[in-house]
Amino acid sequence: MIPSPADLEILRELEKKVLWLASWTIHHANHLRESTDGLKVGGHQASSASLATIMTALYFHALRPQDRVAVKPHASPIFHAIQYLLGRQSRQKLEDFRAYKGAQSYPSRTKDSDDVDFSTGSVGLGVAQTLFSSLVQDYVRAHSWGLERPQARMIALVGDAELDEGNIFEAILEGWKQGLRNCWWIIDYNRQSLDAVVREGLWARFEALFRAFGWDVVILKYGSLLESAFREPDGEKLRAWIDNCPNQLYSALVFRGGAAWRKRLLDEIGDQGPVTRLIEARSDEELARLMTNLAGHDLPSLIEAFGRIDHDRPICFIAYTIKGYGLPFAGHKDNHAGLMTPAQMEALRQAMDIRPDHEWDPFEGLSVAPAKLQEFLAHVTFATGDRAQRAARLPIPAELGGTTQPVVSTQAGFGTLLNELGRGKSEIADRIVTASPDVTLSTNLGPWVNRRGLFAHENMADIFKSERIPSTFNWDFSPKGQHIELGIAEMNLFILLSALGLSHAINGERLIPIGTLYDPFIQRGLDALNYACYQDARFILVATPAGITLAPEGGAHQSIATPLIGIGQDGLASFEPAFVDELAVILAFAFDYIQRDGEGESSERNWLRDEIGGSVYLRLSTRPIEQIKRAMTPELRQAVVDGAYWLRRPGPNCQVIVAYTGAVAPEAIQSVGLMAEDRRDVGLLAITSADRLNAGWTAAQRARERGLVHARSHIERLLAEVPSHCGIVTVLDGHPATLAWLGAVHGHCTRPLGVEHFGQTGSIPDLYRHYGIDANAIVAAAAALTPGRPIRHLKALP
Ligand SMILES: Cc1ncc(C[n+]2csc(CCOP(=O)(O)OP(=O)(O)O)c2C)c(N)n1
Ligand SMILES: [Mg+2]
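Bear in mind the structure is a predicted one, so any value in this text is a computation, not a measurement.

Novice: Help me out: how do you make sense of the packing of aromatic side chains in this one?
Specialist: By the definition in use, this model includes 21 aromatic pairs. Plain terms: the ring middles of W20 and W24 are 5.4 Å apart, the flat faces sit at 15° to each other, and that makes the pair stacked. Here W24 and W20 lie together in helix α1 (residues 5–32), a separation of 4 residues that amounts to about one turn. Here W20 matches W24 in class, with each residue buried. Ring centres of W184 and F317 lie 5.1 Å apart, and the angle between their planes is 65°; on these two criteria the pair is classed as edge-to-face. Of this pair, W184 sits in strand β3 (residues 183–189) while F317 sits in strand β5 (residues 315–320); the two residues are 133 residues apart in sequence, bridging distant segments of the chain. An identical accessibility class is assigned to W184 and F317; each is buried. Aromatic rings pair up to connect W20, W24 and W360 into one cluster. Of note, R431 hangs over the ring of W145, and the distance from its end group to the ring centre comes to 3.9 Å.

Structure, rendered in structure tokens:
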């Protein structure tokens, strides 16, 4: 819809106001707020200014309430200013921009109180998130959920240098495979990155690239002033001159202003007839305005371009802009971190007609009457109604079933549990979406996929099946399928999980996303995983196989640091079970945990923030191990979820305990047997979650420091049973620091065993021996820790 001239005038006023408020917010944070301690906090005035017009056109005109936007991180001040004008951001938060509890430097779903759809900050990730959110919207609708809601466009405001990030290209390729729709990327083509001016002709590479993947490409180069100048006699000469002007020169002239434009233009095309008149008919100021009238700063051009789109194919808009437009450092190549001086700010204040002490007034200095502006803002389409979506929690089964072999791996157990869920009928099973970057079969999702099928917009039969060629796997695609098969790009997996894991908030439809990948490749997608957790997306990550236990595969496929990632990653509860009955308990817990969103206090039982919930990471193994025949009591179930239980309680004469995690359970059990004749009452602590134990311990200490003297965490209670002279040997197939902290809980002398150096090929016994995590190494560590007679079964270490 084209706005009326009166509305266009209002939009122009709002564009000015947005630029002012964003600039003032940054200025205030840097020069005026008392608590800056003389420290300049930056704020990206230039980067923000680049998007002021585009965001005005979008938020105040083109967007609909259901549309979702990822805003380029450095346009955060513009975003907050718009939210402020729409009554969704407080003045206090703007005054506290970049300060404690103030508006965030980069738009954040979790830390900002205004209406952020997707967090951004690490460039490239928010962009890809819009693409995957679009796929998730299609997934939800294909399953006949939420059809009563209008379809959203998923929109990213992208920096031109942001497109250097490889994850964007991975996403584009995946989007093409998956039939991407309803996705708009608007490239802020200011031809500047952080350090410098970008390469000439970059737009042409972008155009070719996007077209190659089926996107519509709309190039928004010249604004309405320039377009009308081009229609003057000889105007085409001016167009040709700008088209051929190198980016660096254009930027330099933008910075230098009207007189410089005039000199350069007259020198280069001034002797060519009518074009001279075109130049000379304008004052310096008018000439500068004309020459910087790029489409990205021209409301009518933008509104017209956005309004013209009449299809749902993905679109890339390449919008020419000027970094720092409207501000004194416009176009200067060093302007990324540039801050306006107080004198420059004063000049801008005067130019904008803003009285001292009225800087935050929404309508100060505007030529349209406040009542009219108010009226306009009250009816902005985007801001009508509550945009937040919610979805009820799904009931979860009390227990997960499935028969497993007496000797089995956690990875095989995972396949069985999921297969069993897929076989039955339950709401939770219908809402599960699995995804994997080309490791569906090798992470044991095959049986589940056989039952529930692969997702695609169109039906695609498994030709092998129709040709009656025997195959273990049924690879049928349909709109009702529940597995999203991705290409080998772990970044895409994490961003897809991020999108699936926000479906309850974005689409109002809850999904239970489960992503599988090889454990070492978590590191390939780590920033995207961090991003997903930062915006509080909810999913279950099943990383399998893990560690050097993947013996013959060698060092390139063996993970060492992932247990530390499991501890260190906020928003992600990590587990590494050894036995399948533990896994069944943890998976059932995970289905519930990822749906929690309470604000509650820590529970007094384990001092974790369990009421709030989060995502879950399961580190699994391919090593078949003998299962323990036992009943799953409520106490054991709780302990498995809390992170540890005694597989063998330490006796009163205990000198040493062994604490193990995961696939090395047989070695830990064996070591206790080997020591039995020479060390009495040895305890064996099974640790299912170093992460949750550690988090509970930290939280309990903090609670005690605040005066809750009786606060005790799960690990504190468990280790309270261990006499203080006792040693602890910890062991896992991962970095030893994962469990090393256990010694600090009550001051037990501790020897952490684990893997610190790259793995290699070999058999499991070869490698466990080499890296010192076999039974003999555990015994040797115990012998060295505890005085007493030599342990008979101890062999010399290699
Ligand atoms: C992953 C990542 N690497 C580096 C940065 C630091 N950084 C912030 S902005 C920027 C350049 C942005 O250029 P562009 O996308 O063109 O945006 P502009 O500032 O021109 O609007 C860089 C390198 C970041 N935020 N994220
Ligand atoms: Mg740029």
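Still to come is the rest of the account.
Novice: Teacher, can you tell me more about the site of ligand 1 here?
Specialist: Around ligand 1, 18 residues are found, and the nearest of them are S47, K72, H74, D160 and K323. At 2.5 Å, a side-chain N or O of S47 approaches an oxygen atom of ligand 1. Residues of the shell around ligand 1, tallied by class, amount to 3 nonpolar, 9 polar and 6 charged.

Novice: Explain the packing of α1 against helix α17 (residues 370–378) to me, please; I cannot follow it from the model alone.
Specialist: It is the contact of α1 with α17, at a shortest axis distance of 11 Å, that shows an interaxial angle of 95°. When the axis of α1 is compared with that of α17, the two are roughly perpendicular. When α1 is examined against α17, the residues D7, I10, L11 and L14 are found in contact with a partner set consisting of K372, L373, F376 and L377.

Novice: Would you mind showing me how to read the sheet that holds strand β19 (residues 727–732) here?
Specialist: Within a sheet, neighbouring strands are paired by backbone hydrogen bonds and run either parallel or antiparallel to one another. Read across the open sheet, the 5 strands follow the order β16-β18-β17-β19-β20; overall the sheet is mixed. Both outer strands of the open sheet, β16 (644–648) and β20 (749–753), are each paired with one neighbouring strand and no more. Adjacent strand axes in the sheet meet at a mean angle of 25° when their direction is disregarded. As paired elements, β19 and β20 share 5 bridges and run parallel to each other. Note that in β20 the partner of T730 across the bridge is P752.

Novice: Is there a simple way to explain the coordination of the magnesium ion (ligand 2) in this structure?
Specialist: Under ideal tetrahedral coordination, the four donors around a metal are separated by 109.5 degrees; under ideal octahedral coordination, the six donors are separated by 90 or 180 degrees. All of the protein donors around the magnesium ion (ligand 2) are D160 (OD), N190 (OD1) and Q192 (O); their distances to the metal are 2.0 to 2.1 Å. Ordering the donors of the magnesium ion (ligand 2) by residue number gives the pattern D-x29-N-x1-Q. Comparing N190 with Q192, the two get one shared label, buried.

Novice: For this particular structure, what's the right way to read the pattern of salt bridges?
Specialist: Oppositely charged side chains are able to pair whenever their charged atoms sit close together. Under the defined criterion, the tally for this structure stands at 50 salt bridges. One salt bridge connects R153 with D67, and the closest N-O pair in it is separated by 3.2 Å. Placement of R153 in the loop between α6 (125–142) and β2 (154–159) and of D67 in the loop between α3 (52–62) and β1 (68–70) is noted, with a sequence separation of 86 residues between them. Here R596 ties to D592 by a salt bridge, and the two come within 2.8 Å at their closest N and O atoms. Take R596 and D592: they sit in the same class, and that class is buried. If you follow the salt bridges from partner to partner, you end up with R68, R88, D115, D117 and R387 in one network.

Novice: How should I be thinking about helix α18 (residues 410–423) in this particular structure?
Specialist: An α-helical turn contains 3.6 residues, so any two residues separated by three or four positions project in the same direction. Here α18 contains 14 residues, and its C-alpha end-to-end distance of 20 Å stays within 8% of the 20 Å for a straight helix at 1.5 Å per residue. Counting buried residues along α18, 10 of its 14 residues qualify, which places the element largely inside the surrounding structure. Of the residues making up α18, those classed as buried are T410, Q411, G413, F414, G415, L417, L418, N419, L421 and G422.

Novice: Help me understand empty space enclosed by the protein in this model?
Specialist: Any empty space left between atoms is shown by rolling a water-sized probe over those atoms. Following the criterion strictly, the structure yields 5 cavities of 30 Å³ or more and no others. In terms of lining, the largest cavity is formed by 16 residues, of which the most central are P563, S574, F575, E576 and A690. Of all elements in the fold, only α25 (562–568), β13 (572–575), β14 (615–619), α29 (690–705) and α31 (737–740) reach the threshold of two or more residues within the lining of the largest cavity. Of the residues assigned to the lining of the largest cavity, the class counts are 7 nonpolar, 6 polar and 3 charged. The wall of the second largest cavity is formed by A546, T549, E576, R619, L620, S621, A663 and D733. Partitioned by chemical class, the residues of the lining of the second largest cavity number 3 nonpolar, 2 polar and 3 charged.

Quick notes on the rules
- Residues numbered from 1 in each chain as written.
- Chains lettered and ligands numbered in written order.
- Predicted model: local features only at pLDDT ≥ 70, side-chain atom pairs only at ≥ 80, totals over all residues.
- Heavy atoms only, no water.
- Phe/Tyr/Trp six-rings, centres within 6.5 Å; stacked < 30°, edge-to-face > 60°.
- Helix = DSSP H or I, 4+ residues; strand = E, 2+ residues; numbered from the N terminus.
- Buried < 20%, exposed > 50% of the residue type's maximum accessible area, 1.4 Å probe, protein only.
- Lys NZ or Arg CZ within 6 Å of the ring centre and 35° of its normal.
- Near = heavy atom within 4 Å.
- Polar contact = N/O pair within 3.5 Å; in protein donor to acceptor, adjacent residues only side chain to side chain.
- Nonpolar A, V, L, I, M, F, W, Y, C, P; charged D, E, K, R; others polar.
- Axes fitted to C-alpha atoms, helices over the stretch in contact; angles between N-to-C directions.
- Parallel < 35°, antiparallel > 145°, perpendicular 65-115°, else oblique.
- Contact = heavy atoms within 4.5 Å.
- Pairing = 2+ DSSP bridges.
- Donors = N, O, S within 2.8 Å, 3.2 Å for Na, K, Ca; no water.
- Salt bridge = Lys/Arg side-chain N within 4 Å of Asp/Glu carboxyl O.
- Expected span 1.5 Å × (residues − 1).
- 1 Å grid on protein atoms, 1.4 Å probe; cavity = no way out; pocket = protein on both sides within 12 Å on 5 of 7 lines; lining within 4 Å.
- Points joined across faces, edges and corners; volume = space filled by probe spheres on them.

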